[in-house]
Each structure stands twice: as C-alpha cells, then as structure tokens.
4 protein chains.
Amino acid sequence: MMPVKITYRVIYGDTDAMGIVYYANYLRLFEMGRSEWLRAIGVPYREIESWGVHAPTTQAYCHYLHPARYEDLLVVETDVEYLKRASIKFVYRISSQENGRDLAKGYTVHAFVDEKGKIVSTPQALKERIQRIMASGEFPPSSCQL
Amino acid sequence: MMPVKITYRVIYGDTDAMGIVYYANYLRLFEMGRSEWLRAIGVPYREIESWGVHAPTTQAYCHYLHPARYEDLLVVETDVEYLKRASIKFVYRISSQENGRDLAKGYTVHAFVDEKGKIVSTPQALKERIQRIMASGEFPPSSCQL
Amino acid sequence: MMPVKITYRVIYGDTDAMGIVYYANYLRLFEMGRSEWLRAIGVPYREIESWGVHAPTTQAYCHYLHPARYEDLLVVETDVEYLKRASIKFVYRISSQENGRDLAKGYTVHAFVDEKGKIVSTPQALKERIQRIMASGEFPPSSCQL
Amino acid sequence: MMPVKITYRVIYGDTDAMGIVYYANYLRLFEMGRSEWLRAIGVPYREIESWGVHAPTTQAYCHYLHPARYEDLLVVETDVEYLKRASIKFVYRISSQENGRDLAKGYTVHAFVDEKGKIVSTPQALKERIQRIMASGEFPPSSCQL
C-alpha cells in the first residue's frame with residue numbers, strides 16, 4: 001500500500017492569506033506524487049505521451065484534515081487504486097514529515113485519450129508493467145485491480 | 001438554483017502543456033464563484049473574517065467533463081447546497097459562455113473556525129442573511145437547507 | 001498613454017501567508033493586461049497563434065510599491081512601449097481601484113517565434129493594425145515606436 | 001559564487017499551453033532558491049519572521065533564455081549579491097540538469113519591514129551570520145557586499 005513517497009517543502013507561493021497552503025495547491029502535490037509513481041514503475045508520463053496517449057484528469061477529490069504551513073516538509077504518498085479498461089485511479093496521502101500527522105487525503109481519476117481527445121484503451125505497456133511488478137512482488141502497488 | 005454567475009477569461013497562466021486549463025485551477029474558479037456568491041448576498045468573506053471567523057475548505061471535489069482552453073470565456077455558477085450548524089457547502093458549475101456546454105461541476109465544504117482554528121458555529125449574521133433572502137424570495141438560493 | 005484598463009478582484013489563491021498578493025502573481029496580472037490590450041486593438045493573441053506565431057516572454061520585471069490584499073479591486077493598465085523588428089515590449093501599471101494608489105509597475109519583452117521556436121519578424125498584420133490605430137488617433141497607444 | 005543549489009522537477013502545473021514553463025513560475029523557483037540559501041546559512045526565513053521581521057519583494061527581474069519543459073530536471077543556483085542597511089538582493093541562475101544549459105537568470109530585491117510594514121534595519125543576526133561565514137571561508141557566498 002502507498003509505496004511511492006516524495007517530500008516537498010512548502011514555499012510562500014503555496015500559502016494564502018490564512019497562513020496555510022491554499023486548497024488548490026494540494027492538487028499540484030497530487031500531480032507530483034503520481035508523476036513520481038509512474039517514474040518509479042519505469043513508465044514516466046512523458047513516455048506515455050510519446051505513445052500518443054494523454055491521461056487528463058476526469059475527477060479530483062481532496063479531504064483537508066489539518067492545515068500545512070510555510071516551510072513545513074510534507075510527505076506525499078501515492079498509490080494506484082485501480083487500472084481499468086480506459087482509466088486509472090490514483091490515491092494520495094499527504095502528511096507532515098515532522099510528526100507523521102495526516103494533513104490531507106484524496107484521489108484523482110484519469111481517462112486515457114488520444115491526441116484528439118478520443119477515449120482509448122489503457123496502454124498495453126503500462127498494464128503489463130504494473131502486472132509484472134505485482135507478480136514479482138518487488139514493488140507491490142498492492143491495491144491495483146487489473 | 002445556481003443564482004450567482006461570474007465570467008472569467010482563461011489566460012495562458014491557467015493552462016498546461018496539454019493545451020487545456022490545469023485541473024487545480026478549477027479550484028481557483030470555484031473560489032471566485034463562492035467569493036462572489038457571498039458578496040452578492042451582502043456578506044463578503046472579508047466581513048466574515050472581520051468577525052474573527054474563517055471558513056477553511058475541508059473537502060473539494062471536481063468532475064471534469066470537457067476541457068477549457070486558452071481565451072475561452074467561462075461562466076462560473078455558484079450556489080449553496082446547505083448551511084449546517086458549523087459548516088457550509090457550495091456547489092459549482094463551469095460552462096462555456098460561447099456554447100453553453102458544461103465543462104466541470106464540483107463542490108466544496110467549509111468549516112467555520114475561530115482565529116485559533118477551533119470549530120465555531122455558523123455566524124448568526126450569515127445565517128440570518130440567507131434566511132431573510134429565502135423568505136423574501138428576492139434572491140432565492142433555493143437549495144439552501146438551514 | 002496606458003490606454004487599456006482591466007479590473008481584477010484579488011482572491012485567496014493570489015495571496016500568501018504574508019497576507020498580500022504573492023509576487024509571482026503580478027505576472028499573471030500582466031498577462032491579463034496584455035491579452036486585453038491585443039483584444040482591444042482587434043488582434044487577440046489566439047489570432048496571432050493562428051498564423052503559426054508565438055510570443056514567448058524573454059524578459060519580465062516588476063517593481064512592487066505597495067502590497068495588494070485579499071478582495072482588493074485592482075486596475076491593470078497596459079500599453080506597448082515599442083514594437084521592433086522581431087519583438088514587442090509591454091508596460092504595466094497596477095493600482096488600487098479604491099484609492100488610485102500605484103501598487104506595482106513593470107514590463108515584459110516578447111520575441112516572435114515560429115512553431116519550432118525560431119525567431120521570426122513581427123507579424124505584418126499586427127504591425128499594420130497598430131500603425132493604422134496610431135494614424136487614426138482613435139485608440140492611440142501613444143508610446144508605440146514602430 | 002552561486003553556492004546554493006537545489007533541483008526541481010517540472011510538473012504539468014508549471015507549464016502552459018505553449019508547452020513550456022509559464023513565465024510567472026520562475027519566480028516560484030527563485031523563492032525555492034532563496035529559501036534554501038537562507039536555510040543553508042542556518043537562518044531559515046521562518047526564523048527571520050520569528051524576530052517580527054518580513055522581507056517582501058520590492059523588485060523582481062527574469063531573463064528567459066531557453067524554455068524549460070515538462071519533466072525537465074532544473075537546477076536553481078542562488079547567491080546574495082548584496083546585503084544593505086535595510087535590504088538584500090538575491091541573484092539566480094536556472095539551468096538544465098541534463099545538459100547544463102542556462103535557461104533563465106534573474107534577481108530579486110527585498111526590503112526588511114516590521115509587522116506593520118515599516119522599513120527596519122537588516123536583522124543583526126542575519127548580518128553577523130553572513131559575515132562569520134565569509135570570514136571562515138567555509139561557505140563563501142563570495143559576492144556578498146556587507
């Protein structure tokens with residue numbers, strides 16, 4: 001579960017006048033997380049794009065539990081909840097590096113589309129890569145449902 | 001339903017390399033919408049803050065239906081779905097001014113807190129203002145549940 | 001001088017934990033200004049792009065005079081300082097709608113490039129449009145040096 | 001010269017429809033750089049704030065040399081050009097980790113102010129810290145003029 005971690009240091013540009021990270025910026029952190037997840041399994045998003053496939057977000061949800069503040073070091077944990085015929089769902093947990101407290105949880109769903117925006121099947125190479133990893137147990141994105 | 005409308009012209013800074021509005025930026029549009037909703041009923045958010053009350057976002061959700069692009073003129077419609085004892089839920093619809101097509105729908109939930117972040121009751125003045133408007137029927141945020 | 005004006009209401013998403021508009025976001029306001037300037041003279045940037053020409057920023061400068069705050073209504077005034085063989089320079093003034101106070105001043109320089117990023121001449125149609133306006137005196141971007 | 005380096009991986013949220021990093025986002029990278037510079041000398045910005053002092057940006061300039069793109073790994077090098085009686089100037093260089101090519105150069109100037117926004121002297125502890133480092137030669141921000 002949640003195998004890929006990154007850390008991110010909050011800058012002023014992420015915060016708002018309430019003194020906390022602006023709510024839209026958690027979606028930037030989610031993107032950092034899923035980008036790293038794909039890189040970790042050996043299929044960076046740029047490679048998916050080189051196949052003529054994009055994965056625009058169709059849904060995004062975030063539950064804000066505790067505020068993050070300037071200079072906080074955040075941990076973003078990312079996993080794949082499912083990989084379907086033409087979509088993928090990522091789940092995220094953002095916590096404080098300092099005390100481990102959960103700050104936010106959320107998910108994003110992405111459709112696979114071609115360069116004209118038409119829905120296409122989940123790229124075969126991505127599917128196989130995830131299945132191989134699951135079979136080997138080396139890097140178990142354990143909640144993947146293929 | 002959905003009584004408060006604003007329009008917004010997409011700038012380059014809102015888009016990403018996929019040529020469409022970056023998914024996190026819809027949450028900025030939601031904020032513009034709810035900020036205008038509060039101003040429209042005569043209780044700008046800055047006034048709520050002057051009472052020592054903040055309304056941080058506790059949940060945000062967006063369903064992305066069709067992409068918005070550079071220079072598109074967007075319509076953001078905002079309404080309140082409910083006002084509870086210590087929280088408020090806004091719902092949003094973003095559509096294309098040019099053809100009326102729905103581009104995104106979503107919601108945000110906000111808790112009322114004091115300056116130390118402690119949960120407080122929904123400010124009485126906000127509650128009364130919304131009830132008065134509903135009773136008068138002049139500006140009916142019809143889905144409000146008080 | 002400074003003939004094209006737009007107004008913009010500051011949202012939470014523009015501010016930072018210092019309670020003021022984050023310094024990078026003034027460059028978003030500059031973009032809103034020059035986008036409107038081009039639309040005002042009848043050559044929206046999207047049209048320039050339809051000719052296969054882009055105008056990436058090569059320099060940006062901002063002098064921050066007084067802070068802008070949440071819910072402030074800002075006025076962005078934009079003009080063209082010069083239009084050269086292969087570049088254009090915009091100048092900006094951001095002030096408070098409420099009291100007219102100058103908040104920031106700055107400029108951006110843009111090169112004209114083709115779709116491969118190669119420098120090209122200033123599009124003839126843009127040049128002529130600006131010259132015609134100057135000659136007619138109807139909409140005098142008076143500081144233009146052609 | 002330019003002693004503090006950080007790296008940053010470009011996300012979709014940093015780019016625009018031209019396929020390159022949006023020009024305002026370089027100012028976010030500059031902030032990451034100067035934040036790390038202060039942390040490297042042992043005076044994180046949060047500590048400066050704990051003394052009741054802020055350092056709002058009074059000027060920012062960026063010269064964009066070559067575009068940065070999605071997933072590029074960027075190097076941000078930061079140094080202090082001068083530390084004056086009541087201000088500080090940082091200089092930045094952003095380059096490509098892959099090929100070392102310079103992508104952007106710029107600077108920011110910051111005034112020291114108290115919590116009411118009144119200009120104050122450069123904090124003594126910051127001044128001494130920088131002088132001590134220069135004297136020891138251990139971490140020579142060599143272009144500092146004290």
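Before reading on, note that the structure itself is shown above.
Residues numbered from 1 in each chain as written. Chains lettered and ligands numbered in written order. Predicted model: local features only at pLDDT ≥ 70, side-chain atom pairs only at ≥ 80, totals over all residues. Heavy atoms only, no water.

Caption draft 1: Spatial organisation of helix 1 (residues 25-40) of chain A. All names here are of chain A. The end-to-end C-alpha distance of helix 1 is 23 Å, a good match for the 22 Å that 16 residues give at a rise of 1.5 Å each. Across the 16 residues that make up helix 1, a large majority, 14, are buried. Once helix 1 finishes, Gly 42 follows within two positions and takes phi at roughly 90°, a positive value. (Helix = DSSP H or I, 4+ residues; strand = E, 2+ residues; numbered from the N terminus. Expected span 1.5 Å × (residues − 1). Buried < 20%, exposed > 50% of the residue type's maximum accessible area, 1.4 Å probe, protein only.)

Caption draft 2: A look at the packing of aromatic side chains. Per the counting criterion, the structure on display carries 40 aromatic pairs over all chains. With centroids separated by 5.8 Å and ring planes inclined at 80°, the aromatic side chains of A:Trp37 and A:Phe90 adopt a geometry described as edge-to-face. With A:Trp37 in helix 1 and A:Phe90 in strand 4 (residues 87-96), this pair connects stretches of sequence that are 53 residues apart. For A:Phe90, a relative accessible area of 2% corresponds to the buried category. On the numbers, 6.4 Å between centres and 25° between planes, the contact of C:Phe90 with C:Tyr92 is stacked. Per residue, the accessibility class of C:Phe90 equals that of C:Tyr92, and both read buried. Ring pairs connect the aromatic residues A:Tyr22, A:Tyr23, A:Tyr26 and A:Tyr64, which therefore count as one cluster. In this arrangement the basic side chain of A:Lys84 is found over the ring face of A:Tyr82, its NZ or CZ atom lying 4.4 Å from the centre. (Phe/Tyr/Trp six-rings, centres within 6.5 Å; stacked < 30°, edge-to-face > 60°. Lys NZ or Arg CZ within 6 Å of the ring centre and 35° of its normal.)

Caption draft 3: Region of interest: the relation of the copies chain B and chain A. Structural alignment of chain B on chain A gives an RMSD of 0.0 Å, achieved by rotating through 180° and translating 0.0 Å along the axis. Look at the turn and shift together and you get a two-fold axis relating the two. Identified as the residue of chain B closest to the rotation axis by C-alpha distance is B:Tyr61, at 2.2 Å. The overlap is high: 100% of the interface residues of chain B also sit at the interface in chain A, so the same surface is used on both sides. (Least-squares fit on C-alpha atoms with pLDDT ≥ 70 in both. Contact = heavy atoms within 4.5 Å.)

Caption draft 4: Region of the structure containing the interface of chain B and chain D. Taken together, the contact between chain B and chain D spans nine residues of the former and nine residues of the latter. Note on chain B versus chain D: buried area summed over both sides is about 810 Å², and carbon and sulfur give 71% of it. Ranking the residues of chain B by area buried against chain D places B:Tyr12, B:Ala17 and B:Tyr22 at the top, with a combined share of 59%. At the boundary of chain B with chain D, the tally comes to zero salt bridges. Inspection of the region where chain B meets chain D yields four residue pairs in polar contact (both at pLDDT 80 or more). Class assignment of the residues belonging to the side of chain B that touches chain D gives a composition of five nonpolar, three polar and one charged. (Buried area = accessible area lost by both parts, 1.4 Å probe. Salt bridge = Lys/Arg side-chain N within 4 Å of Asp/Glu carboxyl O. Polar contact = N/O pair within 3.5 Å; in protein donor to acceptor, adjacent residues only side chain to side chain. Nonpolar A, V, L, I, M, F, W, Y, C, P; charged D, E, K, R; others polar.)

Caption draft 5: Representation of the interface of chain B and chain A. Opposite the 22 residues of chain B that make contact, chain A presents 22 residues. Here chain B meets chain A over a buried area of about 1800 Å², counting both sides, of which 60% is carbon and sulfur. On inspection of chain B and its partner chain A, the count reaches zero salt bridges. For the pair chain B and chain A, the interface holds 12 residue pairs in polar contact (both at pLDDT 80 or more). Of all elements in the fold, only helix 1 (25-40), strand 2 (57-64) and strand 5 (102-111) of chain B reach the threshold of two or more residues within the side of chain B that touches chain A. The greatest single-element share of the side of chain B that touches chain A, amounting to eight residues, is contributed by strand 2 of chain B. When strand 2 (residues 57-64) of chain A meets strand 2 of chain B, the two strands line up antiparallel, connected through five bridges. (Pairing = 2+ DSSP bridges.)

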